[in-house]
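The primary structure of each chain is shown beneath.
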Amino acid sequence: MPHPQAILLDGDQLAERLRGEMKADAAQLKARGIQPKMATVLVGDDPASASYVARKHADCAQIGIAVEDMRLPATIAADELLAVIAALNADASVHGFMVQLPLPAGLDGAAMLEAVRPDKDIDGLHPINLGRLLGGQPGILPCTPAAILTLLRAYDIPLAGAEVAIIGRGNLVGRPLAVLLSQRGIDATVTLLHSGSRDLAATTRRADIIISAAGLPNLIKTDMVKPGAAVIGVGISYVDGAMISDIAAGVANVAGWITPPHGSVGALTRAMLLKNLLQAAARQ
Ligand code: NAD
């Protein structure tokens, strides 16, 4: 029997709703005399990075978060960039900031992340915040894993005891997501698959939830998915200028829930960034 049409996991719509809620939170902070403010640091002129930063600014404008837009030349020296980060760490009017990655060649992204004050690290990627996640302690969650958890919860997709296959062990998505979903209280059984895994399909076929963050076009094919499973495409790649998801088109015919082909985690990821900012503003 064919599975009924998969439910679309509409992250864009959910992000719109969250921005509405955050607008009210920002108004409450302003009523207490706090103007929430975020800074973005963009080094060089990579067009993709510039467009990611522009979308963050547009979301801030909608919510009522002030923005400090720092643009630095690709030729900046590491110690000059570290000085910019130190100044933002010390600036009490800035509640959180992010250095847009990847950085131009010659600049060490990990070293720059480590220089950000952990309570202003709204990306949740500082080793202290990742360490807190690993230790099950409260901290700032990395944005894309937090976005995926928010999406799963918003659609009441059962997580406790669920078999989850995560594809990709990157520091931004797969690895912290595996830690998050296997935490006590969330209680998923997680398998983290990667480029060294022997047989992807053997694991994905028994999974209740598949989350692909590999960035390989059409990696997850219909015969790799258990009927009724929830399938989340995070990875994107470009083939002849067209954006292609990790999830092949036919998967929608077997999945129970599925993200749309253009992805649906990006807008939610930005919403998590700004949620982290508002929480940082409230704490500081
Ligand atoms: P990454 O390069 O760090 O990780 C990619 C992972 O894919 C690696 O761990 C690798 O082991 C795995 N992989 C590669 N080939 C594989 C194969 N054949 N089988 C199984 N696993 C394989 O990348 P990342 O920073 O973690 O990002 C992953 C993807 O998610 C990228 O496409 C990125 O563009 C996308 N992304 C989207 C968002 C969003 O908000 N929508 C946010 C972050 C990243």
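It should be emphasised that the depicted structure is a prediction, and the values quoted were computed from it without experimental measurement. (Residues numbered from 1 in each chain as written. Predicted model: local features only at pLDDT ≥ 70, side-chain atom pairs only at ≥ 80, totals over all residues. Heavy atoms only, no water.)

1. Re the site of the ligand
Spelled out, the test is: Throughout, the term near means that a residue has one or more heavy atoms lying within 4 Å of the molecule or strand in question. By the criterion applied in these results, polar contacts are pairs of N or O atoms within 3.5 Å in which, for protein atoms, one can donate a hydrogen and the other can accept it, and in which residues neighboring in sequence qualify only through two side-chain atoms. Per-residue and other accessible areas follow the Shrake-Rupley method at a 1.4 Å probe size, with only the shown protein chains counted as cover for residues. Think of it as three bins: nonpolar holds Ala, Val, Leu, Ile, Met, Phe, Trp, Tyr, Cys and Pro, charged holds Asp, Glu, Lys and Arg, and polar takes everything else, Gly as well.
Within the structure, the ligand sits among 20 residues, and Arg169, Ser195, Ala213, Ile236 and Thr269 are positioned closest to it. Within the contact set of the ligand, an oxygen atom lies 3.0 Å away from a backbone nitrogen or oxygen of Ser195. Bound to the protein, the ligand loses 68% of the 850 Å² it would expose on its own. For the shell around the ligand, the residue count by class is ten nonpolar, nine polar and one charged.

2. Here's the deal with the UniProt feature "binding site: NADP(+)" (unreviewed entry) in the chain
Which entries qualify depends on this criterion: UniProt positions are given in the numbering used here, feature names are shortened, and annotations may be inferred rather than shown by experiment. A contact between two residues is defined here by any heavy atoms of the two lying within 4.5 Å. By definition, any uninterrupted DSSP run of H or I lasting at least four residues is a helix, any uninterrupted run of E lasting at least two residues is a strand, and each is numbered from the N terminus.
UniProt's feature table lists "binding site: NADP(+)" (unreviewed entry) at Gly168, Arg169, Gly170 and Ile236, given in the numbering used throughout. Discounting chain neighbours no more than four positions away, the residues touching Arg169 are Arg175, Leu192, Leu193, His194, Ser195 and Gly196. Assignment of secondary structure puts Ile236 in strand β9 (residues 236-239). Apart from residues no more than four positions distant in its own chain, Ile236 is found in contact with Gly215, Met243, Ile244 and Asp246.

3. Some details on unusual backbone geometry
In terms of backbone geometry, most residues other than glycine have negative phi values and most peptide bonds are trans. Rules: Accessible area is worked out with a 1.4 Å probe on protein chains only. A residue is then buried under 20% of its type maximum, exposed over 50%, and partly exposed in between.
Residues Leu101 and Pro102 are joined by a peptide bond in cis, for which omega reads 0°. By the element assignment, Pro102 lies in the loop between β4 (96-99) and α4 (109-115). Of note, Asp156 is a non-glycine position whose phi angle comes to about 55°, a positive value. Position of Asp156 relative to the elements: it lies in the loop between α6 (143-154) and β5 (163-167). Phi is positive for Asn218, close to 55°, though the residue is something other than glycine. Structurally, the position occupied by Asn218 is in the loop between β7 (209-212) and β8 (230-233). Taking the relative accessible area as the measure of exposure, Asn218 reaches 32% and is therefore partly exposed.

4. As for the nonpolar core
Applicable threshold: Residues belong to one nonpolar core when they are buried, are Ala, Val, Leu, Ile, Met, Phe, Trp, Tyr or Cys, and are joined through side-chain atoms within 4.5 Å. These domain limits were set by an automatic method or by a database of domain assignments.
Core analysis: the largest hydrophobic core is formed by 51 residues, its most contacted members being Ile148, Leu181, Ile209, Ile211 and Ile232. Taken together, the elements giving at least two residues each to this core come down to α1 (11-31), α2 (47-63), α6, β5, α7 (174-181), β7, β8 and α9 (266-283). Of all the elements, α9 adds the most residues to this core, at nine residues. Residues lining this core come from more than one domain, with at least three contributed by each of domain 1 (33-117) and domain 2 (141-265). If you look at the next biggest cluster of nonpolar residues, it comprises 20 residues, including Ile167, Ala201, Ile210 and Ile258.

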